[in-house]
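Observations on chain architecture
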Amino acid sequence: MKVKVSVNGYGTIGKRVADAIAKQDDMVLVGVSKTKPDYGAYLAVSKGHDLYVPKEKTGIFEEAGVPITGTVEEMVEKSDIVIDALPGKKGIEMKPLYEKYNVKQVFQGGEKPVVADASFSTLCNYEETLGLNSVRVVSCNTTGLLRLICTLKRSFGVRKVRATLVRRGADPREVKKGPINAILLNPPTLPSHHGGDVKTVVKDLDIMTSAVAVPTTLMHVHSVLVELEERVSKDAVLNALEEAPRIILLNTNKLGVKSTAEIIEIARDLRHRNDIPELVVVEDSITVSGKELMLFQAVHQESIVVPENVDAVRALFKLADTWTETVGRTDKNLGLTYKFY
Ligand code: NAD
């Protein structure tokens, strides 16, 4: 029996997650929801997704001639699980509806951690979330940090993490957000909340982060300093990262790349929607001194959390027993290669 999954909210994350669910052999996509009959609604219909809308919005979809299958409430009722991809802090408002129909829930990182039974990041705590009723897939920045931290933790142990996050100001389609001519201290007080978010998954980690937002829409970049439990060689770190799933080691010298613009250009040439669900670790930035490791990494904010959303469904229905099993299945179905060339 395939698990029936619906995606509530068909924006940046929702449309990618819906495509990813439709590619899994143990899940079926019930449908997606929209509030406006705009290009996103046409996209959903053209992809053959069943479209559901809030009851009070059915009229405007009928007027616009966009075919709908039913209301959001009907979509929830038909589902075993809802992936909530509404704008941040809107998911919590929908929780009573999900509970009314006794459906499991996957929320996104824009929600507060209390929205769900646990925060979720596949490489770190998949097994701890098996069979829960709800999880919150942590944000794009937190997912990027956790992919790195849990990979290093498994091989060497991690004593301390300090990271500076250079965040994209907005997603490419968001015309009303900024900054457009500033470096925004995000926030001015330190540490930023991202370290705390990492600790919702790796609870005992010593981590502090700072963040600025800059006028770009392409990717986030992190400058990360990690103190490991043991002295390591650069080769040992390279091996651990090379063998880990969902990480691309990008050699800037080999590819002639020095910026997120060029990383996205590679993805434009190679990937659907120029998505990079893998974490991009800059291979030639990796610097080791005793127990200390420094590196740059880049996060494609629009797509990095997509595989984790698929794994979250598997965790809640115990469709795979281990994180390695779900990663293998999700990534094969998504065609992830963990490399560009
Ligand atoms: P978004 O604004 O692109 O998409 C949200 C969609 O939900 C929009 O299409 C909106 O019209 C729709 N919507 C709003 N109210 C609705 C309702 N009542 N019923 C149905 N649809 C409704 O947002 P997003 O960027 O996809 O973010 C979704 C979540 O994912 C947030 O929690 C966010 O923090 C998180 N997240 C975003 C990113 C990112 O970079 N965009 C990365 C990781 C996590």
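These figures come from a predicted structure and were not determined experimentally. Throughout, a residue's number is its position along its own chain's written sequence, starting from 1. Side-chain atom pairs in this predicted model are given and counted only at pLDDT of 80 or more, local residue features only at pLDDT of at least 70, and totals for whole chains, interfaces and linings cover all residues. Each side-chain value is derived from all of the structure's non-hydrogen atoms; neither hydrogens nor water enter the calculation.

This part is about the domain arrangement of the chain. You'll often see interface size given as the accessible area lost when the parts meet. Segmentation into domains, and thus their bounds, comes from an automatic or database assignment. On domain assignment, one finds that the chain holds domain 1 (3-138 + 305-334) and domain 2 (140-299). Put simply, the middle of domain 1 and the middle of domain 2, counted by C-alpha atoms, are 26 Å apart. The contact rule is simple, with two residues in contact once any of their heavy atoms fall within 4.5 Å. Contacts between the two partners involve 26 residues from domain 1 and, on the opposite side, 20 residues from domain 2. Buried surface at the junction of domain 1 and domain 2, both sides included, amounts to about 1900 Å², of which 50% is carbon and sulfur. Once two parts are joined, some of their accessible surface, as seen by a 1.4 Å probe, is lost; buried area is that loss totalled over both. A per-residue breakdown of the area domain 1 buries against domain 2 is headed by L123, C124 and V138, which together make up 29% of the total. Think of a salt bridge as a Lys or Arg side-chain nitrogen and an Asp or Glu carboxyl oxygen that are within 4 Å of each other. Across the domain 1-domain 2 interface, the total number found is seven salt bridges. A salt bridge links R246 to D311; its shortest N-O distance comes to 2.7 Å.

Take the pairing of strand 11 (residues 206-214) next. Among the nine residues that make up strand 11, seven are buried, leaving the element largely enclosed by the rest of the structure. Two strands qualify as a pair provided that DSSP identifies no fewer than 2 bridges between them. Only DSSP runs of H or I reaching four residues or more are called helices, and only runs of E reaching two or more are called strands; each is numbered from the N terminus. Here strand 9 (residues 158-168) pairs with strand 11 via nine bridges, running parallel. When the sheet's bridge partners are listed, K160 is paired in strand 11 with D206. Note that strand 10 (residues 184-185) and strand 11 share two bridges and pair antiparallel. Note that in strand 11 the partner of L184 across the bridge is A213. Whether a residue is buried, partly exposed or exposed follows from its accessible area with a 1.4 Å probe, protein chains only, as a fraction of its type maximum: under 20%, in between, or over 50%, in that order.

A word on the packing of aromatic side chains. By convention, a stacked pair of Phe, Tyr or Trp rings (six-membered ring in the case of Trp) has centres within 6.5 Å and planes under 30 degrees apart, an edge-to-face pair has planes over 60 apart, and any other such pair is tilted. Inspection of every chain in the model, using the stated rule, returns two aromatic pairs. Between Y98 and F107 the ring centres are 6.1 Å apart and the planes differ by 45°, which places this aromatic pair in the tilted class. Accessibility classification places Y98 together with F107 in one group, the buried group. Here F120 and Y126 contribute two aromatic rings whose centre-to-centre distance is 6.3 Å and whose plane-to-plane angle is 65°, an arrangement assigned as edge-to-face. Take F120 and Y126: they sit in the same class, and that class is buried.

Attention now moves to the side chain of N8. Turning to its location among the elements, N8 is positioned in strand 1 (residues 3-8). Within the structure, N8 has its side chain in polar contact with the side chain of S33 (distance 2.6 Å). Apart from the residues within four sequence positions on either side, N8 is in contact with S33, V72, M75, V82, I83, D84, A85, L86, M94 and Y98. Each polar contact in these results corresponds to two N or O atoms within 3.5 Å; when the atoms are within protein, one needs to be able to donate a hydrogen and the other to accept it, and residues that are neighboring in sequence are counted only if both atoms are side-chain atoms.

Another point: the nonpolar core. A general trend in soluble globular proteins is that nonpolar side chains are found buried together. Working definition of a nonpolar core: buried Ala, Val, Leu, Ile, Met, Phe, Trp, Tyr and Cys residues. They are joined through side-chain atoms within 4.5 Å. Counting 77 residues, the largest nonpolar core has I21, V106, L152, L241, I286 and V313 as its most contacted members. Taken domain by domain, the makeup of this core includes at least three residues from each of domain 1 (3-138 + 305-334) and domain 2 (140-299). The residues contacting L152, other than those within four sequence positions of it, are G157, V158, V226, L228, V237, L241 and L293.

So, about the state of the cysteines. What counts as a disulfide here is a pair of cysteine sulfur atoms lying within 2.5 Å. Counted under the stated rule, the structure contains one disulfide. At a sulfur-sulfur separation of 2.0 Å, the disulfide partner of C124 is C150. Judged by the torsion about the S-S bond (115°), the C124/C150 disulfide is right-handed. Placement of the pair is C124 in helix 6 (residues 122-125) and C150 in helix 7 (residues 140-156), with a sequence separation of 26 residues. Residue C140 stays outside any disulfide, its sulfur separated by 15 Å from that of C124, the closest cysteine. The exposure class of C140 is buried, given its relative accessible area of 14%.

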